[in-house]
Amino acid sequence: MTASLCASCRTATLDYVHVAAEFRRLGFGRTLVARAVARAPSYRWTAPLPAGPVAQLFRARIAMRRPGQRCVHVGPADLMR
């Protein structure tokens, strides 16, 4: 899982979440998202609408706004370390 964080703007964008096909629909993806949000709870979290149908179904199940214009300060961060 990767996310883009901006400490200046206090915004975070969930960029990518991957769960192997055999483990999907078991709650692992939602758990990863919840853990990321818990690590930066004071940030305003958003997630883009992905291109693939499986990813779109997952995105529909997590309660996050779609991002507007991306912050100019943002850099990638691995929240699972």
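Residues numbered from 1 in each chain as written. Predicted model: local features only at pLDDT ≥ 70, side-chain atom pairs only at ≥ 80, totals over all residues. Heavy atoms only, no water.

Digging into the overall build of the protein chain
The helix and strand inventory of the protein chain stands at two helices and four strands. Counted from the first residue to the last, the protein chain has its helices and strands arranged as β-β-α-β-α-β. Counting every position in the protein chain, which comprises 81 residues, the buried fraction comes to 30%. Taking the contacts inside the protein chain whose residues are at least 6 apart along the sequence as the reference set, 59% of them involve residues at least 24 apart. (Helix = DSSP H or I, 4+ residues; strand = E, 2+ residues; numbered from the N terminus. Buried < 20%, exposed > 50% of the residue type's maximum accessible area, 1.4 Å probe, protein only. Contact = heavy atoms within 4.5 Å.)

Focus on the packing of aromatic side chains
Across all of its chains, the model carries one aromatic pair by this definition. With a centroid separation of 6.2 Å and an interplanar angle of 80°, the aromatic rings of Phe23 and Phe28 are classed as edge-to-face. Judged by its relative accessible area of 42%, Phe23 falls in the partly exposed class. On the basis of relative accessibility, which here comes to 44%, the residue Phe28 falls in the partly exposed class. (Phe/Tyr/Trp six-rings, centres within 6.5 Å; stacked < 30°, edge-to-face > 60°.)

Structural notes on the side chain of Thr11
Take Thr11: it is sitting in strand E2 (residues 11–16). Thr11 has contacts with Ser4, Leu5, Cys6, Tyr43, Arg44 and Cys71, leaving out every residue within four places of it along the chain.

Focus: the pairing of strand E1 (residues 2–6)
Where E1 lies against E2, five bridges are found, and the strand directions are antiparallel. The residue bridging Ala3 from the neighbouring strand is Leu14, located in E2. Between E1 and E2, which pair antiparallel one after the other, the connecting turn spans four residues, and Arg10 there sits at a positive phi close to 60°. (Pairing = 2+ DSSP bridges.)

Side note on the confidence of the model for the protein chain
Scored by pLDDT, the protein chain has a mean of 84; 86% of the residues are at 70 or more. Considering each helix and strand of the protein chain separately, the mean pLDDT is smallest for strand E4 (residues 75–77), with a value of 54, and largest for helix H1 (residues 28–39), with 94. (pLDDT = per-residue confidence, 0-100.)

Looking at the nonpolar core
In this structure, Leu14, Val33, Tyr43, Trp45, Ile62 and Met64 are the most contacted members of the largest nonpolar core, which totals 13 residues. Residue assignment for this core shows that the elements contributing at least two residues are E2 and H1. (Core = buried A, V, L, I, M, F, W, Y, C linked by side-chain atoms within 4.5 Å.)

Section: a nonpolar patch on the surface
Side chains of Phe23, Leu26 and Phe28 sit close together on the surface and give an oily, nonpolar patch of about 320 Å² of accessible area. Looking at the secondary structure, you find Phe28 in helix H1. (Patch = residues over 30% accessible without salt bridge, like charges linked within 9 Å, V, L, I, M, F, W, Y side chains within 5 Å. Areas by Shrake-Rupley, 256 points an atom, 1.4 Å probe, with all protein chains shown as cover. Salt bridge = Lys/Arg side-chain N within 4 Å of Asp/Glu carboxyl O.)

Quick word on unusual backbone geometry
The residue Arg10 is not glycine, and still its phi comes out positive at about 60°. The residue Arg10 is located in the loop between E1 and E2 in this model. On the basis of relative accessibility, which here comes to 37%, the residue Arg10 falls in the partly exposed class. Phi at Arg25 takes a positive value of approximately 65°, unusual for a residue other than glycine.

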